[in-house]
Amino acid sequence: MSQADEILNVLSLRASFPTYQGKVKAVNNINFSINKGEIVALVGESGSGKSVTALSIMGLNAPTIKYEKNSLISYKGQDLLTMKKKKLKKIRGNEISMIFQDPLSSLNPLQPIGRQIAEPIQLHQGKSFFSAKERVVQLLRMVGIPAPEKRLQDYPHQLSGGMRQRVMIAMALACNPTLLIADEPTTALDVTIQAQILNVLRELQKDTGISILLITHDLGVVAEMADRVLVMYSGEIVEEGDVFTIFKSPRHPYTQGLLNSVPKLKGAGEDRLKAIPGVVPNPLNLPEGCNFYSRCSYSSEKCSAAAPPITDSAQNQRFACWHPLEKKVNQFV
């Protein structure tokens, strides 16, 4: 795609926050972009920096989080990190929206869902609730909530987990955003409801052409939804590529480790799942070289001495590894 198709561009993003023990590097020099109408998945273990990245884009991180001077988050050519709060508020919830992990804690328990969905419409479009009501009903219908006219006065506790997540999606889409950030949108939902929520997102993307940054640790969700994949480990993006290439032929050992941890139907029960040995390095004391060094079966002295540079492959795949996997070792696809 051309540069004109680029919606979001993240360059040299470094985010850290102080603690009594020292500075924690939550995100360490990450680079990626999202194009118009594209679904990009950001995957990795808990604590890898996925949510900090998302909240940095939204401008919702705690004030204690600091960004280095050369960090850039460019939305349509505008730097969100240096943008004035008043201007950022006009973009957040209007042009860029977010679906949070836990809808029950994100929704106001004291307000009917109709009022909550109408709030961004009232804020950004200056409409009254009465004027926004028709749009709210349309949104509820769009995300698959039955009898939406009757649901307007329902409170969050009256809805199931899947219904609450649909309400969150409706809120995020209220102002027809250009970019939607979905942070673990199917967490804590059973597999049937997960499939329904993913289908809602997929149909909405197809109908509206919205760009989606999908944050998840579920590789099944990634295979179902994404065009491209960003693999994040210990605050860094260690591999990037289109979904088929990443799943069929990963180059970074960490990506392969994630894929090996997914149960497969073919030959089920023959082998135990392969866990990645060791633990994620302490963000207060990151190693000099590759952050994955101590957990990697391919590591050498070179890996502990210096961090690997980003390498571009002929398959439009990028990875940071001194000893990349060469063969098609994965049978996930």
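Here the residue numbers are simple positions, counted from 1 along each chain's written sequence. It should be noted that, the model being predicted, local features are given only for residues of pLDDT at least 70 and side-chain atom pairs only at 80 or more, the latter also being counted only at that level, while totals for whole chains, interfaces and linings use all residues. Note that water and hydrogens are dropped before the side-chain values are worked out from all heavy atoms of the structure.

Student: Sorry if this is basic, but what is going on with the overall build of the protein here?
Tutor: Elements are defined by DSSP. Helices are runs of H or I of four residues or more, strands are runs of E of two residues or more, and each kind is numbered from the N terminus. Across its full length, the protein carries twelve helices and 13 strands. The C-alpha atoms of the protein give a radius of gyration of 21 Å, which matches the 20 Å a tight globule of 333 residues would have. Projected onto its principal axes, the C-alpha positions of the protein cover 65 × 50 × 45 Å. When the 333 residues of the protein are sorted by exposure, 49% land in the buried category. Carbon and sulfur atoms provide 52% of the accessible area of the protein, an area that totals close to 17000 Å². In this treatment the radius of gyration is a C-alpha quantity, and the globule benchmark scales as 2.2 Å times the residue count to the 0.38 power. Think of it in three bands: with a 1.4 Å probe and only protein chains considered, a residue is buried below 20% of the maximum accessible area for its type, exposed above 50%, and partly exposed in between. What sets the accessible areas is the Shrake-Rupley method with a 1.4 Å probe; for residues, cover comes only from the shown protein chains.

Student: For this particular structure, what's the right way to read the pattern of salt bridges?
Tutor: Pairing between side chains of opposite charge can happen when their charged atoms approach one another. Salt bridge, as applied in this entry: a Lys or Arg side-chain nitrogen positioned within 4 Å of an Asp or Glu carboxyl oxygen. Per the counting criterion, the structure on display carries ten salt bridges. Note that Glu326 is salt-bridged to Arg251, the shortest N-O span being 3.3 Å. A residue pair is termed long-range when its members are at least 10 positions apart, and Glu326 in the segment after β13 (318–319) and Arg251 in the loop between α10 (243–248) and α11 (253–260) qualify at 75 residues. Salt bridges sharing partners connect three or more residues here, namely Glu38, Arg228, Glu240, Asp312 and Arg318.

Student: When you look at helix α4 (residues 113–125) in this model, what are you seeing that I'm missing?
Tutor: Given 3.6 residues per turn, any residue in an α-helix points the same way as the ones three and four places further on. Between its first and last C-alpha atoms α4 spans 19 Å; for 13 residues at 1.5 Å apiece the expected length is 18 Å, and the two agree. Helix geometry: α4 is bent most strongly at Glu119, by close to 30 degrees, with proline Pro120 lying one to four residues after it. Listing the buried residues of α4 in full gives Ile113, Gly114, Gln116, Ile117, Ala118, Pro120 and Ile121. Contacts are assigned to residue pairs with any non-hydrogen atoms lying within 4.5 Å of each other. Packed against the buried residues of α4 are α5 (129–142), α6 (148–151) and α7 (161–172). Downstream of α4 by a residue or two, Gly126 has a phi angle that is positive, lying close to 65 degrees. Helix span, expected: 1.5 Å multiplied by one less than the number of residues in the helix. Bend at a given residue is defined as the angle between two axes, one fitted to the seven residues that end at that position and one fitted to the seven that begin there.

Student: When you look at the pairing of strand β1 (residues 6–19) in this model, what are you seeing that I'm missing?
Tutor: Moving residue by residue along a regular strand, the side chains alternate between the two faces of the sheet. With eleven bridges connecting them, β1 and strand β2 (residues 22–35) associate as antiparallel partners. In the sheet register, Arg14 faces β2, and the bridge partner there is Asn28. At least two bridges found by DSSP between two strands is the condition for calling them paired. The pairing of β1 with strand β5 (residues 72–75) spans four bridges and is classified as antiparallel. In the sheet register, Val10 faces β5, and the bridge partner there is Ile73. As judged from the two bridges shared by β1 and strand β4 (residues 66–67), these two strands associate in the antiparallel manner. Across the sheet, residue Ser16 finds its bridge partner in β4, namely Lys66.

Student: Would you explain the packing of aromatic side chains in this entry?
Tutor: The description of two aromatic rings rests on the distance between their centres and on the angle between their planes. Aromatic rings from Phe, Tyr and Trp, with only the six-membered ring used for Trp, were paired whenever their centres fell within 6.5 Å, and each pair was classed as stacked if the ring planes differed by under 30 degrees, edge-to-face if by over 60, and tilted otherwise. A complete count under the given rule lists three aromatic pairs for this structure. Residues Tyr233 and Tyr254 carry aromatic rings whose centres are separated by 4.6 Å and whose planes lie at 50 degrees to one another, so their mutual orientation is tilted. Here Tyr233 is found in strand β10 (residues 228–233), whereas its partner Tyr254 is found in helix α11, with 21 residues between them in sequence. Note on Tyr254: relative accessible area 0%, which makes it buried.

Student: Can you help me understand the UniProt feature "domain: ABC transporter" (unreviewed entry) in the protein in this one?
Tutor: Look at the UniProt record and you will see "domain: ABC transporter" (unreviewed entry) annotated at residues 8–259. As annotated, residues 8–259 comprises 40% helix and 27% strand, and the C-alpha atoms at either end are separated by 28 Å. UniProt positions are given in the numbering used here, feature names are shortened, and annotations may be inferred rather than shown by experiment.

Student: Can you walk me through the nonpolar core in this structure?
Tutor: A general feature of soluble globular proteins is that nonpolar side chains tend to end up buried together. If you look at the biggest cluster of nonpolar residues, it comprises 38 residues, and the most contacted ones within it are Ile99, Leu140, Val167, Ile169 and Leu180. Elements represented by at least two residues in this core include exactly α4, α5, α7, β8 (179–183), α8 (191–208), β9 (211–216) and α9 (219–225). Here Leu180 is in contact with Ser97, Met98, Ile99, Ala172, Leu173, Leu201, Ile210, Ser211, Ile212 and Leu213, once residues within four sequence places are set aside. Residues grouped as a nonpolar core are buried Ala, Val, Leu, Ile, Met, Phe, Trp, Tyr and Cys residues, joined through side-chain atoms within 4.5 Å.

Student: Quick question: what am I supposed to make of the environment of Ser294 here?
Tutor: Position of Ser294 relative to the elements: it lies in the loop between α11 and α12 (301–305). Put simply, Ser294 and Val279 are 15 residues apart on the chain and 8.5 Å apart in space, counted from C-alpha to C-alpha.

Student: I'm lost on the sheet that holds strand β11 (residues 236–242) in this one. Help?
Tutor: The strands that make up a sheet pair up through hydrogen bonds in the backbone, lying either parallel or antiparallel. If you walk across this open sheet you meet the eight strands as β7-β8-β9-β3-β10-β11-β13-β12, and the pairing is mixed. Sheet topology places β7 (96–99) and β12 (311–312) at the edges, where each strand pairs with a single neighbour. Two elements, β8 and β9, share five bridges in a ladder whose sense is parallel. Bridge pairing links Ile181 to Leu213 in β9. Axis lines are fitted to C-alpha atoms, over the contacting stretch for helices. Their N-to-C directions set the angle, which ranges from 0 to 180 degrees. Sheet strands touched by helix α1 (residues 50–58): β3 (39–43), β7, β8, β9 and β10. Its angle to β7, the strand with the most contacts, is close to 145 degrees.

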